[in-house]
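Structural overview
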Amino acid sequence: MRTAFYISDGTAITSEVFGHALLSLFPMEFEHVTIPFVETVDKAEQVKEQINRAYDRDGEKPFVFHTFVNPEIKDIIDSSQADIHNFLEQFVNPIENSLGIKAKPRAHRTHSMHENSYDFRIDAVNFALANDDGSKVTNYEHADVILVGVSRSGKTPTSLYLALQYGIKAANYPFTEDDMDDLKLPHFLAKHKKKIFGLTIDPARLHEIRDGRMANSKYSSARQCRLEIREVEKLYKKNKIPYLNATTLSIEEISAKILSQTGLQRYKY
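This section reports on the structure supplied with the text. Everything quoted here is computed from the prediction, not taken from an experiment. (Residues numbered from 1 in each chain as written. Predicted model: local features only at pLDDT ≥ 70, side-chain atom pairs only at ≥ 80, totals over all residues. Heavy atoms only, no water.)

**Here's the deal with the sheet that holds strand β4 (residues 83-86)**
Inclusion rule: Two strands qualify as a pair provided DSSP detects at least 2 bridges between them. Helix and strand definitions follow DSSP, with helices as H or I runs of at least four residues and strands as E runs of at least two, each counted in order from the N terminus. Note on geometry: axes are C-alpha line fits, over the in-contact stretch for helices, and angles between N-to-C directions span 0 to 180 degrees. Two residues form a contact once any of their heavy atoms are found within 4.5 Å.
In space, the 4 strands of this open sheet follow the order β2-β1-β3-β4, with parallel pairing throughout. A single partner strand is all that each edge strand has here, and the edge strands are β2 (30-35) and β4. Adjacent strand axes in the sheet meet at a mean angle of 15°, parallel and antiparallel pairs treated alike. Both strand β1 (residues 2-7) and β2 contribute to a ladder of 6 bridges, which runs parallel. Bridging from a neighbouring strand, phenylalanine 5 pairs with valine 33 of β2. Relative to the sheet, helix α1 (residues 13-23) contacts β1, β2 and β3 (63-66), its axis offset from that of β1 by approximately 150°. Contacts between helix α2 (residues 41-58) and the sheet are confined to β1, β2 and β3, with β1 contributing the most and set at about 165° to the helix.

As structure tokens, this is what we get:
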């Protein structure tokens, strides 16, 4: 198995994202190693040794994806026994030519604490936690989006991801077994209808998830799962609520699709 290193003098998030995206195109397994905050020459030398040990062990050069702005540290990593990919070096020169100005690299710039976006995200996380699972329905006027769906359809993790990654205030409200006899939008949701976004899921997958949580109960039964999904999807269509099926989607994909369909403003950088 070949090793892939993601290294930076900052968080290494950029290296990870780019590196994983590229390697995912190739049908083989990699051992992934992420090393953030390589900020000194001593640390860089230690990382170089780690890379070289991986080369000796695997018999093949490991991939190294990095975004160093310190030239001394960059040169140390670049001298290791590895297949080096420097994302900043790849793209900076063409952009400098296009803009007509020189780049001014600075460590931690990409994922540092930018005051406005950071505050948005912290406020949004607090909002998501306070308005999870219908625990508080009087704050919906302050929500950017209100996720609705049956229990275990992905509302809570999506709400938190939208908050943490994008600074979006996401509340979520569950439709439960008790609602199914006469399912309709409660008045406190209806008056914020333009903010509502629905999630649904394949009944078989919902049964599998619920059965792992409360096996052999009405809540987890295949029949109950089919009933609830049928009723909520009818509700979405009747009220023209946008929704998506989350069965095969990751939280990242669900969130991206919600942002795409709603046009909500992101507060990430």
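**Regarding the side chain of serine 153**
Our working definition: Nitrogen and oxygen atoms within 3.5 Å of one another constitute a polar contact, given that in protein one can donate a hydrogen and the other can accept it, and given that sequence-neighbouring residues count only through two side-chain atoms.
Note that serine 153 resides in the loop between β5 (145-150) and α6 (155-166). A polar contact is formed between the side chain of serine 153 and the backbone oxygen of valine 150, at a distance of 2.7 Å.

**Some remarks on the side chain of serine 8**
Short version of the rule: Note on exposure labels: buried denotes an accessible area under 20% of the residue type's maximum, exposed denotes more than 50%, and partly exposed covers the range between, all computed with a 1.4 Å probe on protein chains only.
Turning to its location among the elements, serine 8 is positioned in the loop between β1 and α1. The exposure class assigned to serine 8 is buried, which follows from its relative accessible area of 5%. Those residues within four positions of serine 8 in sequence are excluded, and the remaining contacts are Ser15, Ile35, Pro36, Phe37, Val38, Thr67 and Phe68.

**Brief notes about the packing of aromatic side chains**
Centre-to-centre distance and the angle between the planes together describe a pair of aromatic rings. The condition that has to hold: Pairs were defined over the aromatic rings of Phe, Tyr and Trp, the Trp ring being its six-membered one, requiring ring centres within 6.5 Å. Orientation was assigned from the angle between planes: stacked under 30 degrees, edge-to-face over 60, tilted for the rest.
The final tally for this structure, using the stated rule, is 11 aromatic pairs. Centre to centre, the rings of tyrosine 140 and phenylalanine 188 are 6.5 Å apart; their planes meet at 55°, and the pair counts as tilted. Residue tyrosine 140 is located in the loop between α5 (115-130) and β5, and its partner phenylalanine 188 is located in helix α7 (residues 187-190); the two are separated by 48 residues in the primary sequence. Overall, the relative accessible area of 0% leaves tyrosine 140 in the buried class. Residues tyrosine 236 and tyrosine 243 carry aromatic rings whose centres are separated by 4.9 Å and whose planes lie at 35° to one another, so their mutual orientation is tilted. The exposure class assigned to tyrosine 236 is buried, which follows from its relative accessible area of 1%.

**What about the environment of glutamine 90?**
Within the fold, glutamine 90 resides in helix α4 (residues 87-99). In the structure, glutamine 90 is positioned 95 residues away from leucine 185 in sequence and 52 Å away in space, judged by C-alpha atoms.

**A word on a nonpolar patch on the surface**
Condition: Each patch is assembled from residues with relative accessible area greater than 30% and no salt bridge, linking like charges that lie within 9 Å and nonpolar side chains (Val, Leu, Ile, Met, Phe, Trp, Tyr) that lie within 5 Å. Residue-level accessible areas treat just the shown protein chains as cover; the underlying method is Shrake-Rupley with a 1.4 Å probe. Whenever a carboxyl oxygen of Asp or Glu lies within 4 Å of a side-chain nitrogen of Lys or Arg, that contact is scored as a salt bridge.
Taken together, the side chains of Phe18, Phe91, Ile95, Leu99 and Ile101 present a nonpolar region at the surface, about 510 Å² in accessible area. The element best represented in the nonpolar patch is α4, accounting for 3 residues. Positionally, isoleucine 95 belongs in helix α4. A residue is classified by how much of its surface remains accessible, and isoleucine 95, at 48% relative accessible area, is partly exposed.

**Section: the packing of α6 against helix α10 (residues 251-262)**
For clarity, the threshold we go by: Orientation is classified from the angle alone, with under 35 degrees giving roughly parallel, over 145 giving roughly antiparallel, 65 to 115 giving roughly perpendicular, and any other angle giving oblique. Under the scheme applied here, ten amino acids are nonpolar (Ala, Val, Leu, Ile, Met, Phe, Trp, Tyr, Cys and Pro), four are charged (Asp, Glu, Lys and Arg), and all others, including Gly, are polar.
Contact geometry for α6 and α10: axes closest at 9 Å, N-to-C directions at 70°. In this view, α6 runs roughly perpendicular relative to α10, as classed from their interaxial angle. Side by side, α6 and α10 meet where Pro157, Thr158, Tyr161, Leu162 and Tyr166 of the first sit next to Ile251, Glu252, Ile254, Ser255, Ile258 and Leu259 of the second. Counted by class, the contact of α6 with α10 contains 8 nonpolar, 2 polar and 1 charged residues.

**Considering the sheet that holds β5**
In spatial order, the strands read β6-β5-β7-β8; together these 4 strands make up an open sheet with parallel pairing. Each edge of the sheet is formed by a strand with only one pairing partner; in this case those strands are β6 (170-175) and β8 (243-245). Taken over all neighbouring pairs, the strand axes of this sheet differ in orientation by 25° on average, direction set aside. As judged from the 3 bridges shared by strand β7 (residues 196-200) and β8, these two strands associate in the parallel manner. Across the sheet, glycine 198 pairs through a bridge with tyrosine 243, a residue of β8.

**Re the pairing of β5**
β5 sits mainly inside the fold: 6 of its 6 residues count as buried. Of the strand pairs in this sheet, β5 and β6 are connected by 6 bridges, and their pairing is parallel. Bridge pairing links glycine 149 to proline 174 in β6. Alignment of β5 against β7, held across 3 bridges, turns out to be parallel. Following the sheet pairing, leucine 147 is matched in β7 by phenylalanine 197.

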